[in-house]
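One-letter residues, chain by chain:
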Amino acid sequence: MKNNPFLIRVSIDEQRLQLIEAGRVIMDVAIATARNGPGERIHSECTPRGRHRIRAKIGDGCAPNTVFIGRRPTGELYTPELKRQHPKRDWILTRILWLCGEESGRNRRGGVDSMRRYIYIHGCPDEDRMGVPSSHGCVKMRNDDVIRLFDRAPVGTKVVIQEAALE
């Protein structure tokens, strides 16, 4: 996307996400990446590294804590009681920023394709700890934070996921 002044950087080591606009950090928040660590292989439940971009944004206007399954709102709003009723669900809440890999053979095409792996930046239950790897491969954020990110970063925004610390 031409003239897009935004960049999202994710540090797996620091469990942090930054939104940068025109070279200036405008958001710096704790997140949670994969419990299984970094990795690109399909079915690995690891967080893929490298250059990505936001391919699609899902959930505009949905209430905070809206539950998504298969990128569609279920009509439910997350509560701890709902979690007790469905203890095995992977809770994808509020907003989804669906990522597409930009590096052929690393995170795009074949058995490493981030988009076909359904790698997202998404909201999660408020009781989930941030700063601790705990996802199934996605980047999880607090619901208020994912709404702020969703509202600022357009489709096409570059996303860099790295192990190293952010500057």
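In case you missed it, the structure is sitting above this.
Criteria and cut-off values
Residues numbered from 1 in each chain as written. Predicted model: local features only at pLDDT ≥ 70, side-chain atom pairs only at ≥ 80, totals over all residues. Heavy atoms only, no water. Pairing = 2+ DSSP bridges. Helix = DSSP H or I, 4+ residues; strand = E, 2+ residues; numbered from the N terminus. Buried < 20%, exposed > 50% of the residue type's maximum accessible area, 1.4 Å probe, protein only. Contact = heavy atoms within 4.5 Å. Core = buried A, V, L, I, M, F, W, Y, C linked by side-chain atoms within 4.5 Å. Phe/Tyr/Trp six-rings, centres within 6.5 Å; stacked < 30°, edge-to-face > 60°.

Caption draft 1: Structural detail: the pairing of strand β2 (residues 16-21). Examined bridge by bridge, strand β1 (residues 6-11) and β2 share 6 bridges and lie antiparallel to one another. When the sheet's bridge partners are listed, leucine 7 is paired in β2 with isoleucine 20. Counted between consecutive antiparallel strands, the loop separating β1 from β2 contains 4 residues, among which glutamine 15 sits at a positive phi close to 55 degrees. Examined bridge by bridge, β2 and strand β3 (residues 24-30) share 6 bridges and lie antiparallel to one another. Paired with arginine 16 across the strands is alanine 30, a residue of β3.

Caption draft 2: Layout of the side chain of glutamate 103. Locating glutamate 103 in the fold gives a position in the loop between β7 (92-101) and β8 (120-123). On the accessibility criterion, glutamate 103 (14% relative accessible area) is buried. Not counting the four nearest positions on each side in its chain, glutamate 103 is found in contact with Gly50, Arg51 and Arg108.

Caption draft 3: Geometry of the nonpolar core. Counting residues in hydrophobic clusters, the biggest one holds 22 residues, and the most contacted among them are Ile8, Leu17, Ile121, Met141 and Leu149. For this core, the secondary structure elements donating two or more residues are β1, β2, β3, β7, β9 (139-141), α2 (143-152) and β10 (158-162). Filtering out sequence-adjacent residues up to four positions away, isoleucine 121 remains in contact with Ile8, Leu17, Arg95, Ile96, Leu97, Leu99, Val139, Met141, Val146 and Leu149. The next biggest cluster of nonpolar side chains, apart from the first, holds 8 residues, and it includes Ile58, Ile96, Trp98 and Tyr120.

Caption draft 4: Focus on the packing of aromatic side chains. By the definition in use, this model includes 3 aromatic pairs. Ring geometry for tyrosine 78 and tryptophan 91: centres 5.1 Å apart, planes at 75 degrees, overall edge-to-face. A residue pair is termed long-range when its members are at least 10 positions apart, and tyrosine 78 in the loop between β6 (72-77) and α1 (80-85) and tryptophan 91 in the loop between α1 and β7 qualify at 13 residues. A relative accessible area of 6% means that tryptophan 91 is categorised as buried. Summarising the aromatic geometry, the rings of tryptophan 98 and tyrosine 120 are spaced 6.1 Å apart at their centres and angled 85 degrees between planes, so their arrangement reads as edge-to-face. With tryptophan 98 in strand β7 and tyrosine 120 in strand β8, this residue pair connects regions lying 22 residues apart in the sequence.

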